[in-house]
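# Structural overview
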Amino acid sequence: MRYQSTRGGASKLSASEAILKGIADDGGLYVPETFPEALDLNVCLLDYKQKAAEIFKLYLGDYTEEEIKECVEAAYGSESFDTPVVAPLEQRNGCWFLELFHGKTLAFKDVALSILPHFMRFAAKKNKLDQTLAILVATSGDTGKAALEGFADCPGTAIVVFFPENGVSSVQKLQMQTQEGDNTHVVGVLGNFDDTQAGVKKIFLDPPEGFRFSSANSINIGRLLPQIVYYFHAYGQLAQKGAIALGDEISFTVPTGNFGNILAGYYAKRMGLPIKTLLCASNENKVLYDFFTTGEYDKNRKFVLTASPSMDILVSSNLERLLYHASGAEETSARMKSLSQSGRYFAPENYPGFAAKHATEEECAQGMKEMFEAGYVIDPHTAVAYECFKKHREETGATEPNVIISTASPFKFTESVCRAIDPSLPEIPALEGALVLAGLAKSSVPRQIEELGWKPKRHGAVCSKEGMRQEIESFLVGLR
Ligand SMILES: *Cc1c(COP(=O)(O)O)cnc(C)c1O
């Protein structure tokens, strides 16, 4: 299995080379040359680690079975996830929720970022890399912490994380700023997420000398592959619970920002998982909703800060991969050029199996309240998906089982969750909010949140959009 750029202008690479490289030299993203043959659906019934290994074998052509097994064992054990199921499926209020927040940082990014450093470790060995591998990350909140946890003190690597200084939740910020590990550096950027992501992309295309850079963002194919696994896992759990028979069609609703999560669902579908609809759920930054309903992608609009910050994105990087699969490199390249020149492009192809809806801030709060009253606390991202699913079901009369991808623990977003559940509550600082939420939810505060109260803040750097390069250089030179 080889990987090629969505823009067609870079040479084809093996899996390990593509993972090390992150983004292609022509600015494109790596995609598999072809999709593997349809998987036997019995794979869905294997345990999480076995299922992951079966799927990775199909994509990681230059990794041995032993290496894949070692990566999977290291990533999905009890030190990283609080349940051996990794991603449990819960039925509440007539809906299925796939809980992807049982990892170290309480968000779905842990599923991919707990294994990416291991993929990279073997990739570095295979490609005889002798320089420090510097991982650059732009984060809208959750990727940053998950990547920091994955790479902290990982030999041969250093990691620099940039986040929009005023665009993440206070828990997210504290999680990153208290990160340990001498090879970690965390910087707030005076700009929004799109500025931050554009800054990092620019550095990849013209990197400072003397280091080898890679990406832990979902532009890296090594981030995408681990996400395919939990679509099969959700399907297997539905079958084990007797809700479906192997072969039945199901649908997924995915709270979407950078389009990485839902794209992994599309890959699962291309590998034979019987998915009827992938419902793309947007918050008020509904650029993807508009795209799927009109064929026009247009980022020229007001950027809204919402209660679901990890979806506050106007340039959804991974959509480029879907465009490529729908219409090839030449078209994709032209559209990406148009995006960088005018901020818009027209791509009116059919995207079979995709549907889109969006939810307002008010609906999102309403969704959290409604689920709370039904005995289940959900975070704002999951609430956006829940509201979108209800609209979709009402409109289409869909009756097949639908799995809502639950992307974060409500304890990461205590302020908005508490206020949605009880609007009479005053504004409460994040960590006190966790105690209030634990009271409301009759559960306990997760250890990962509790420890933020006493962990020293180790990172406080802030820079301008133009200052990102300087931050990287001085940190990396200091490490030498
Ligand atoms: C990253 C994230 C999303 C968006 O996922 P994409 O892959 O960027 O579409 C949604 N919810 C949460 C909690 C996230 O951390």
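Provided above is the structure to which this section pertains.
Residues numbered from 1 in each chain as written. Predicted model: local features only at pLDDT ≥ 70, side-chain atom pairs only at ≥ 80, totals over all residues. Heavy atoms only, no water.

## Digging into the site of the ligand
Applied cut-off: Definition of nearness: a residue and a molecule or strand are near each other if at least one heavy atom of the residue lies within 4 Å of the molecule or strand. Two N or O atoms count as a polar contact when they lie within 3.5 Å, although within protein this holds only if one can serve as hydrogen donor and the other as acceptor, and sequence-adjacent residues are included solely when both atoms are side-chain atoms. Values of accessible area rely on a 1.4 Å probe in the Shrake-Rupley scheme; residue burial ignores everything except the protein chains shown.
Near the ligand you find 15 residues, and of these K109, D142, G257, N258 and T407 are the closest. Measuring from an oxygen atom of the ligand, one finds a backbone N or O atom of G257 at 2.8 Å. F259 is positioned such that a nitrogen or oxygen atom in its backbone is 3.0 Å from an oxygen atom of the ligand. Relative to its unbound accessible surface of 380 Å², the ligand loses 98% to contact with the protein.

## So, the pattern of salt bridges
Side chains that differ in charge, positive against negative, can pair when their charged atoms come close. The condition is simple: Think of a salt bridge as a Lys or Arg side-chain nitrogen and an Asp or Glu carboxyl oxygen that are within 4 Å of each other. Burial classes: relative accessible area under 20% of the type maximum marks a residue as buried, over 50% as exposed, and values in between as partly exposed (1.4 Å probe, protein chains only). Comment: elements are numbered from the N terminus, with helices defined as DSSP H or I runs of at least four residues and strands as E runs of at least two.
Taken as a whole, this structure holds 29 salt bridges when the rule is applied. A salt bridge links D25 to K21, with the nearest nitrogen and oxygen atoms 2.8 Å apart. Its relative accessible area of 25% is what places K21 among the partly exposed residues. Residue R344 is joined to E296 by a salt bridge in which the shortest nitrogen-to-oxygen separation is 2.5 Å. With R344 in strand β12 (residues 344-346) and E296 in strand β11 (residues 296-298), the pair connects residues that are 48 residues apart, well separated along the chain. Residue classification places R344 among the partly exposed residues on the basis of a relative accessible area of 35%. What you see here is one network of salt bridges that share partners, running through E180, R447, E451 and K455.

## Observations concerning the sheet that holds strand β7 (residues 184-190)
Spelled out, the test is: Two strands pair under a simple rule: DSSP has to find at least two bridges between them. For helices, the fitted axis covers only the stretch in contact; all axes are lines through C-alpha atoms, and the angles between them, taken along N-to-C directions, range from 0 to 180 degrees.
Taken together, the 5 strands give an open sheet; going across it, the order is β8-β5-β6-β7-β15, and neighbouring strands pair in parallel fashion. Since the sheet does not close on itself, it has two edges, and those belong to β8 (212-215) and β15 (461-464), each with one partner. If you compare each strand with its neighbour and ignore which way they point, the axes differ by 30° on average. One ladder, built from 4 bridges, connects β7 with β15; its direction is parallel. Bridged to G188 within β15 is V462.

## Considering helix α3 (residues 65-75)
Short version of the rule: To be clear, the arc concerns the directions from the helix axis to the C-beta atoms. Note on contacts: a residue pair qualifies if any of its non-hydrogen atoms lie within 4.5 Å across the two residues.
Considered for burial, the residues of α3 that qualify are E67, I68, C71, V72 and A75. Down the axis of α3, the buried set is contained in an arc of 135°. They therefore lie on one face. Exposed residues pointing more than 90 degrees away from the buried face of α3 are listed as E65 and E66. For α3, the secondary structure elements touched by its buried residues are α2 (48-59) and α5 (116-126).

## Section: the side chain of K145
Within the secondary structure layout, K145 lies in helix α6 (residues 142-151). At 2.8 Å, the side chain of K145 forms a polar contact with the side chain of Q179.

## Describing the pairing of strand β3 (residues 89-92)
Bridge analysis of β3 against strand β4 (residues 95-99) gives 4 bridges, and the strand direction is antiparallel. Following the sheet pairing, E90 is matched in β4 by F97. Linking two consecutive strands that pair antiparallel, namely β3 and β4, is a turn of 2 residues; a positive phi of about 50° is found at N93 within it.

## Remarks on the packing of aromatic side chains
Condition: Each Phe, Tyr or Trp ring (for Trp, its six-membered ring) is paired with any other whose centre lies within 6.5 Å, and the angle between the two planes then decides the class: stacked below 30 degrees, edge-to-face above 60, tilted in between. Any Lys NZ or Arg CZ that is within 6 Å of a ring centre and within 35 degrees of that ring's normal is treated as a charge sitting over the ring.
The final tally for this structure, using the stated rule, is 22 aromatic pairs. In this structure an aromatic cluster arises from ring pairing among F35, F259, Y266, Y267, F291, F292, Y297, Y345, Y351 and F354. A cation over an aromatic ring shows up here: K126 above the ring of Y63, its NZ or CZ 4.9 Å from the ring centre.

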